[in-house]
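Each chain is listed here by its residues.
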Amino acid sequence: MSISLSSLILLPIWISMAQIQQGGPDENEKTTALKDLLSRIDLDELMKKDEPPLDFPDTLEGFEYAFNEKGQLRHIKTGEPFVFNYREDLHRWNQKRYEALGEIITKYVYELLEKDCNLKKISIPVDATESEPKSFIFMSDDALTNPQKLMVLIHGSGVVRAGQWARRLIINEDLDSGTQIPFIKRAVDEGYGVIVLNPNENYIEVEKPKMHVQSSSDSSDEPAEKRERKDKVSKETKKRRDFYEKYRNPQREKEMMQLYIRENGSPEEHAVYVWDHFIAQSAAENVFFVAHSYGGLAFVELMIQREADVKSKVTAVALTDSVHNVWHQEAGKTIREWMRENCCNWVSSSEPLDTSVESMLPDCPRVSAGTDRHELTSWKSFPSIFKFFTEASEAKTSSLKPTLTRRSHRIKHEEL
């Protein structure tokens, strides 16, 4: 006869309940506690007690992976791509392993930004004290002094950090599609200064301090008998809580608290802060934004808060599958009109690249990114974005605006 793992886990609890029920009325409280526990049991959580330790390497070499000459992540020994399901039937453990690798990838991309792209890591807030939480951005040497062109890159929400479009692409596809590095290198080659924002780095995590509860026995005004009774209840409560916790979280992870970074506590705050302290201070006559997904929403919020300044300094904005909404964000008519003339949103679509896509919102033109995968929209629209910026710059020089729909129709006609 086969017995399931969950039955083996629950068996001691059932035995305990049977023993308690035979023990008489004095055991009613324990019976209630056990019944309460059974009602709360999550078998997925219970399975944690059979997990291997959540102890993972802190280097790519430790994971036995490396990036090859094509920028693809491959196993050092087998040459195979990354395998998520490293251990069968242990989804939580596999996910934790994936997240641990992702943190290493983030640091690896930071290194590439500095070593391969020659960007400088700049700490923010610029006036931060030594003890307060800090974030950082990356800039080229000429970001603030280039008199002609400046490109600003903003990624989307989630686990991605500066220099990334999508962690999943970096791990499962390659560095070109998943990082901003191709944009940075081409921008530098074409004479742009570059600023790379880090809008998801909003706080640091520190271990939560343990709460020291003052013992009730310290209350000298209470009778000794009452103090003893309260202490007994307190100990029983703690014992019951520990009993629950043993089954709820066998691999107890540290409790963490978040310390937010001043004036950078959200992607929107971060965009405004970098604008005020860096972009607005730059010498560039033409500023260009590339903003993916939630980065587009952050840019629209920046426009709402700094409309006049943005209009006077920004020449064109390339959005890639942006999730902004001019109605929900309450963008005014003048902002919507400016976006129609100076922005283009490359959206996920099965249509060929640059094909016009109908929009329900009265903001900027929408064209196909040539892919129906959200995370790939930046990479697939890469050549079109640089062409858009060149046209916008030339149009500004000749006091004309680039017409996206006409250019898209021309491309489509040429393909035919």
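Scroll up for the structure.
What counts, and at which threshold
Residues numbered from 1 in each chain as written. Predicted model: local features only at pLDDT ≥ 70, side-chain atom pairs only at ≥ 80, totals over all residues. Heavy atoms only, no water. Axes fitted to C-alpha atoms, helices over the stretch in contact; angles between N-to-C directions. Helix = DSSP H or I, 4+ residues; strand = E, 2+ residues; numbered from the N terminus. Left-handed = near helix turned anticlockwise from the far one by under 90°. Contact = heavy atoms within 4.5 Å. Nonpolar A, V, L, I, M, F, W, Y, C, P; charged D, E, K, R; others polar. Buried < 20%, exposed > 50% of the residue type's maximum accessible area, 1.4 Å probe, protein only. Pairing = 2+ DSSP bridges. Arc of directions from axis to C-beta. Polar contact = N/O pair within 3.5 Å; in protein donor to acceptor, adjacent residues only side chain to side chain. Phe/Tyr/Trp six-rings, centres within 6.5 Å; stacked < 30°, edge-to-face > 60°. Salt bridge = Lys/Arg side-chain N within 4 Å of Asp/Glu carboxyl O. Parallel < 35°, antiparallel > 145°, perpendicular 65-115°, else oblique.

### Here's the deal with the packing of helix α8 (residues 181-189) against helix α15 (residues 382-397)
For the pair α8 and α15, interaxial distance at closest approach is 11 Å and the crossing angle is 35 degrees. The crossing of α8 and α15 is right-handed. Within the contact between the two elements, α8 uses Pro-182, Phe-183, Arg-186 and Ala-187 and α15 uses Phe-382, Pro-383, Ile-385 and Phe-386. Looking at side-chain class alone, the contact of α8 with α15 contains 7 nonpolar, no polar and 1 charged residues.

### Quick notes on helix α10 (residues 267-277)
Most of α10 is tucked away, with 8 of its 11 residues classed as buried. Buried within α10 are the following residues: Pro-267, Glu-268, His-270, Ala-271, Val-272, Tyr-273, Val-274 and Trp-275.

### Some words on the sheet that holds strand β4 (residues 135-139)
In space, the 9 strands of this open sheet follow the order β3-β4-β6-β5-β9-β10-β11-β13-β12, with mixed pairing throughout. Each having just a single partner strand, β3 (120-124) and β12 (356-357) make up the two edges of the open sheet. Examined bridge by bridge, β4 and strand β6 (residues 192-196) share 2 bridges and lie antiparallel to one another. Bridge pairing links Phe-138 to Val-196 in β6. Taken strand by strand, helix α13 (residues 333-342) contacts β10 (314-320) and β11 (343-347), and its axis lies near 70 degrees from that of β11.

### Let's talk about the environment of Phe-82
Note that Phe-82 resides in the loop between β2 (73-75) and α5 (91-115). Residue Phe-82 is classed as buried on the basis of its relative accessible area of 9%. For Phe-82 and Asn-172, which are 90 residues apart along the polypeptide, the C-alpha to C-alpha distance reads 6.6 Å. Contacts of Phe-82, omitting those with residues within four sequence positions, involve Tyr-65, Leu-73, Arg-97, Tyr-98, Leu-101, Ile-171 and Asn-172.

### Some thoughts on the side chain of Gln-329
Mapped onto the elements of the fold, Gln-329 is located in the loop between β10 and α13. For Gln-329, a relative accessible area of 14% puts it in the buried group. Every residue in contact with Gln-329, bar those within four places of it in the chain, is listed here: Leu-297, Val-300, Glu-301, Ile-304 and His-324.

### Comments concerning α13
All buried positions along α13 are accounted for by Ile-335, Arg-336, Trp-338, Met-339 and Asn-342. Down the axis, α13 shows its buried residues gathered within 160 degrees of arc, on one side only. The inward-facing, buried residues of α13 abut α11 (294-305), α12 (307-313), β10, β11 and α15.

### Some thoughts on the pairing of β10
Counting buried residues in β10 gives 7 out of 7 residues, a clear majority hidden from the surface. Pairing of strand β9 (residues 286-292) with β10, which is carried by 6 bridges, proceeds in the parallel orientation. Residue Phe-288 lies in a different strand from β10, and its bridge partner there is Ala-316. Here β10 runs beside β11; their pairing, made up of 4 bridges, is parallel.

### What about the environment of Gln-305?
The topology assignment puts Gln-305 in helix α11. Between the C-alpha atoms of Gln-305 and Ala-331, which are 26 residues apart in sequence, the distance is 9.8 Å.

### What about the environment of Asn-342?
Considering the arrangement of structural elements, one finds Asn-342 in helix α13. It is 9.9 Å that separates the C-alpha atoms of Asn-342 and Phe-389, two residues lying 47 residues apart in sequence. Looking at Asn-342, its side chain comes within polar contact range of the main-chain oxygen of Trp-338, at 2.9 Å.

### What about the packing of aromatic side chains?
Tallied over the entire structure, the rule returns 21 aromatic pairs. Taking the centre distance of 5.6 Å and the plane angle of 55 degrees together, the rings of Tyr-65 and Phe-82 count as tilted. Of this pair, Tyr-65 sits in strand β1 (residues 65-67) while Phe-82 is found in the loop between β2 and α5, placing the two residues 17 residues apart along the sequence. Here Tyr-65 matches Phe-82 in class, with each residue buried. With a centroid separation of 5.8 Å and an interplanar angle of 35 degrees, the aromatic rings of Phe-388 and Phe-389 are classed as tilted. On the basis of relative accessible area, Phe-388 is assigned to the buried category, the value being 0%.

### Focus on the pattern of salt bridges
The final tally for this structure, using the stated rule, is 13 salt bridges. The closest approach of N and O atoms between Asp-141 and Lys-120, which form a salt bridge, is 3.4 Å. Taken together, the positions of Asp-141 in the loop between β4 and β5 (149-154) and Lys-120 in strand β3 put the pair 21 residues apart, joining distant regions of the chain. Assessed through its relative accessible area of 47%, Lys-120 is described here as partly exposed. A salt bridge links Glu-201 to Arg-161; the shortest N-O distance between them is 2.7 Å. Placement of the pair is Glu-201 in the loop between β6 and β7 (203-207) and Arg-161 in the loop between β5 and α6 (167-172), with a sequence separation of 40 residues.

### Focus on the packing of α10 against α11
Here α10 crosses α11 at 55 degrees, and the two axes come no closer than 9 Å. By the angle class used here, α10 and α11 are oblique. Our pair here, α10 against α11, has a crossing hand that is right-handed. On α11, the residues touching Pro-267, Glu-268, Ala-271, Val-272 and Trp-275 of α10 are Tyr-294, Leu-297, Ala-298, Glu-301, Leu-302 and Gln-305.

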